[in-house]
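Summary of structural features
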Amino acid sequence: MKTLFQSLVRLASISLLLMLCTAIGAKAQSARLQTNTLDYLAAKASQTVDVNIDEHLIQMTARFFSSTNPDEKEIKQLINGLKGIYVKSFEFEHEGEYSATDVESIRSQLHTPAWTKILNVNSKKEGSVEVYLMTAGERISGLVVLAVDPKELTIVNILGPVDLNKLSQLEGQFGVPELDIEPPVKTKPKN
Amino acid sequence: MYEVEATADMLLMTSQGNPVMAREAAQISPEALLVKAVLAGNRDSFGRLYELYAPMVHGILLARVPRTEVEDLVQDIFLHAFKKLPTLREAGAFGGWLAMITRNRAMDFHRYTRETVEIKEDHATGDRRKRARAEEILEVIRSLPDAYRETLVLRLVEGMTGPEIALRTGLTAASVRVNLHRGMKLLRGKLGIKEAEA
Amino acid sequence: MNNDYLWDRTGEPDVEVQQLEDVLGTLRYQPQPLELPAEVQPAARRRSFSALAVAATIALLVLAAGVWIRFYRQQVSPPAIAKEGVNSNQASVTSTPTPMRPDELITGPGNQARLGITAPKRSPAPRHTNRKNILTRRDEMTATQRAEAEAAKDQLLLALRVASAKLNLAQRKTVGAPTSNNIRNQHKLG
């Protein structure tokens, strides 16, 4: 009888723990966008970036960033605590390779009270960039950047406490130039 | 000075963006077999590794150090790699390991060597003019960020394709593709602007 | 720009790229014989590290064995004999989540690491295994995990670059060029 009771209590505890984990996971999951409807665009794109890194992999990867190298230390700090990094980016040779429906399938997931649009820049010629945040209290728990261009479609989805300042400062490090065209290089006359 | 231990396995992505299965632990690449043979005492196998990877090492160096120093450094790097081969944990990661040694060696070259100014000869003949033009373009490539210039040199100078660059250097195909695409964009811009000034 | 040709020389040739290949090809590596002196030998592996690794593995095995023995004893302990005056709530139960199998740690349920890496399928670990098998599994798991994380590092950097670029693009479009530009060691590889 005692053994049966012990087993029941153990089972109940495990179930409760699993339910709790599922609830937490579900909360984190809601910050995750479903972007697999866009996978078919890879066949049309001249260039595709498709990155899916979950929390476990982030933690494993963080160990490979040096704490002494200042650039890598910043990256390590940035990814500390993140629950997932998901990027889909398609570049096309011609305009019109993706449809408004494709973009709407992403936007519709962001039209919920959980997401707040903090930035929206529209340009008929250059497309638009939208930035959404999900917050838990005063902390950011999710970020989405949706960049829509006539020849490019990019969705960035980062789960967890993102430091926007640190993230925006990354551009220019590791040899990646700014997006602006660099000023012409004046070459010395050859002898 | 440039001791490196690497365990990275390689990930390839096709041009359609579909991930390809990484090599499982049970499969051993030809390069890994050669490394194991060298460690077992077969020096000839290292010669074969040299043949396979010398263009990559040459290209990485060409992107970073004066052209006149490259050939000596290639030999130096392979000699060092031969001596330090037992420190390589994963035989299949030889390419990435060797690439990192090469980059580190190039950095050390600049740290410990006073650079001299190359005197340009008067290139009269057609071949020499072509070579002179090549050196001008190489200088422009060298002014690009690290990630782009190395990939461009391997592609345009050494004639390696994108998948080959990924295979040899241990970079992912996605990274190589992005570097090639964006690097080429920058290069075109700089060459275009340079031509306008000339 | 024909990206296929730039990528792997397939598709329609890109004239500009071909011209660059033609010109820059004059600087291509020309095979030279490798001069490897006969007296040069690969350095012996450092024994101290191996000894340390073995010692650490043995320590872990002892610890794991201790935990397993304790768990086994709990499973086969005789049922408590009811005594007068004994409070049945004295039985303490600790609930712990079921430990994950090695393959679950790599691509377990809920872990959607879509890097195209799948762990080799392994049968569930038998309860009674010899020491050699335990060592082999641990090594494989560690090496495979390390390989996966190394590959993911590249992917992660790529993802962060794209994210950063798009954020800054949005910022520039709204407020103009950023006031601070923390480009550090632009020519230094990570």
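1. A look at the overall build of chain A
Counting its regular elements, chain A contains five helices and six strands. The helix and strand sequence of chain A, counted from the amino end, reads α-β-α-α-β-α-β-β-β-β-α. In chain A, which comprises 191 residues, the proportion classed as buried is 35%.

2. A short note on the overall build of chain C
Counting secondary structure elements, chain C contains five helices and zero strands. Secondary structure elements of chain C occur, N-terminal to C-terminal, as α-α-α-α-α. A buried classification covers 21% of the 190 residues belonging to chain C.

3. Describing helix α5 (residues 126-142) of chain B
Residue and element names in this part refer to chain B. Relative to the 24 Å expected for 17 residues at 1.5 Å per residue, α5 spans 24 Å between its end C-alpha atoms, a close match to the ideal helical length. Within α5 the residues assigned to the buried category are Ala134, Ile137, Leu138 and Ile141. Looking straight down α5, one finds that the buried residues subtend no more than 105 degrees of arc, so they occupy a single side.

4. Thoughts on unusual backbone geometry
Residues and elements named next belong to chain C. We note that Arg9 has phi near 60 degrees; this positive angle belongs to a residue other than glycine. Secondary-structure assignment places Arg9 in the loop between α1 (3-8) and α2 (15-24). For Arg9, a count of 17 C-beta atoms within 10 Å puts it in the partly exposed group.

5. Structural notes on the sheet that holds strand β6 (residues 152-159) of chain A
Residues and elements named next belong to chain A. Taken together, the six strands give an open sheet; going across it, the order is β1-β2-β6-β5-β4-β3, and neighbouring strands pair in antiparallel fashion. Each edge of the sheet is formed by a strand with only one pairing partner; in this case those strands are β1 (47-54) and β3 (115-123). Neighbouring strand axes in the sheet, compared pairwise and without regard to direction, differ in orientation by 5 degrees on average. As paired elements, strand β5 (residues 139-149) and β6 share eight bridges and run antiparallel to each other. Across the sheet, Gly142 pairs through a bridge with Leu159, a residue of β6. Where helix α2 (residues 55-62) meets the sheet, it contacts β1 and β2 (84-91), and its direction lies at approximately 90 degrees from that of β1.

6. Side note on the pairing of β6 of chain A
A large share of β6 of chain A lies buried, amounting to seven of its eight residues. Counted along the chain from β5 of chain A to the antiparallel partner β6 of chain A, the turn is two residues long.

7. A look at the environment of Pro30 of chain B
Counting through the fold element by element, Pro30 of chain B comes out in helix α1 (residues 30-39). Residues Pro30 of chain B and Gly92 of chain B, spaced 62 residues apart in sequence, show a C-alpha to C-alpha distance of 8.5 Å.

8. Focus on the packing of α1 of chain B against helix α2 (residues 43-62) of chain B
Residue and element names in this part refer to chain B. Between α1 and α2, the shortest axis-to-axis distance is 7 Å and the interhelical angle comes to 145 degrees. When the axes of α1 and α2 are compared, the crossing they make is left-handed. Within the contact between the two elements, α1 uses Glu31, Leu34, Ala37 and Val38 and α2 uses Arg43, Ser45, Phe46, Arg48, Leu49 and Leu52.

9. Description of the nonpolar core
Soluble globular proteins tend to pack their nonpolar side chains together in the buried interior. With 117 residues, the main nonpolar core has Ile85 and Val145 of chain A together with Ala159 and Ala163 of chain C as its most contacted residues. It is helix α5 (residues 131-175) of chain C that provides the largest number of residues to this core, a total of 15 residues. Setting aside anything within four residues of it in sequence, one finds Ile85 of chain A in contact with Val51, Ile53, Ile58 and Ile158 of chain A together with Leu156 and Ala159 of chain C.

10. Observations concerning helix α3 (residues 70-79) of chain A
All names here are of chain A. All of the buried residues in α3 are Ile75, Leu78 and Ile79. In an axial view of α3, the angular spread of the buried residues amounts to 85 degrees, which keeps them on one side of the axis. In the stretch just after α3, Gly81 is the one whose phi turns positive, near 90 degrees.

11. What to know about the environment of Leu160 of chain C
Here Leu160 of chain C is to be found in helix α5. With residues up to four places along the chain from it excluded, the contact list for Leu160 of chain C reads Ile75 and Leu170 of chain A.

12. Some remarks on the pairing of β1 of chain A
Along β1 of chain A, eight of the eight residues are buried, which leaves the element largely enclosed by surrounding structure. Neither face of β1 of chain A is left uncovered, since the one carrying Gln47, Val49, Val51 and Ile53 of chain A and the one carrying Thr48, Asp50, Asn52 and Asp54 of chain A both have all their residues buried.

13. Examining the confidence of the model for chain C
Residue and element names in this part refer to chain C. Summarising the model, chain C shows a mean pLDDT of 62, and 38% of its residues fall at 70 or more. Within chain C, the element-level pLDDT minimum falls on helix α4 (residues 102-107), averaging 34, and the maximum on α2, averaging 94. For the stretch residues 78-141, pLDDT sits under 50, and the model shows 68 contacts to residues farther than four places along the chain or on other chains. Confidence over residues 177-190 falls short of pLDDT 50; this stretch has 25 contacts with residues more than four positions distant or in other chains. The complex prediction reports pTM at 0.46, with the ipTM value standing at 0.78.

What counts, and at which threshold
Residues numbered from 1 in each chain as written. Chains lettered and ligands numbered in written order. Predicted model: local features only at pLDDT ≥ 70, side-chain atom pairs only at ≥ 80, totals over all residues. Helix = DSSP H or I, 4+ residues; strand = E, 2+ residues; numbered from the N terminus. Buried ≥ 20, exposed ≤ 12 C-beta atoms within 10 Å, placed from the backbone. Expected span 1.5 Å × (residues − 1). Arc of directions from axis to C-beta. Pairing = 2+ DSSP bridges. Axes fitted to C-alpha atoms, helices over the stretch in contact; angles between N-to-C directions. Contact = placed C-beta atoms within 7 Å. Left-handed = near helix turned anticlockwise from the far one by under 90°. Core = buried A, V, L, I, M, F, W, Y, C linked by C-beta atoms within 7 Å. pLDDT = per-residue confidence, 0-100.

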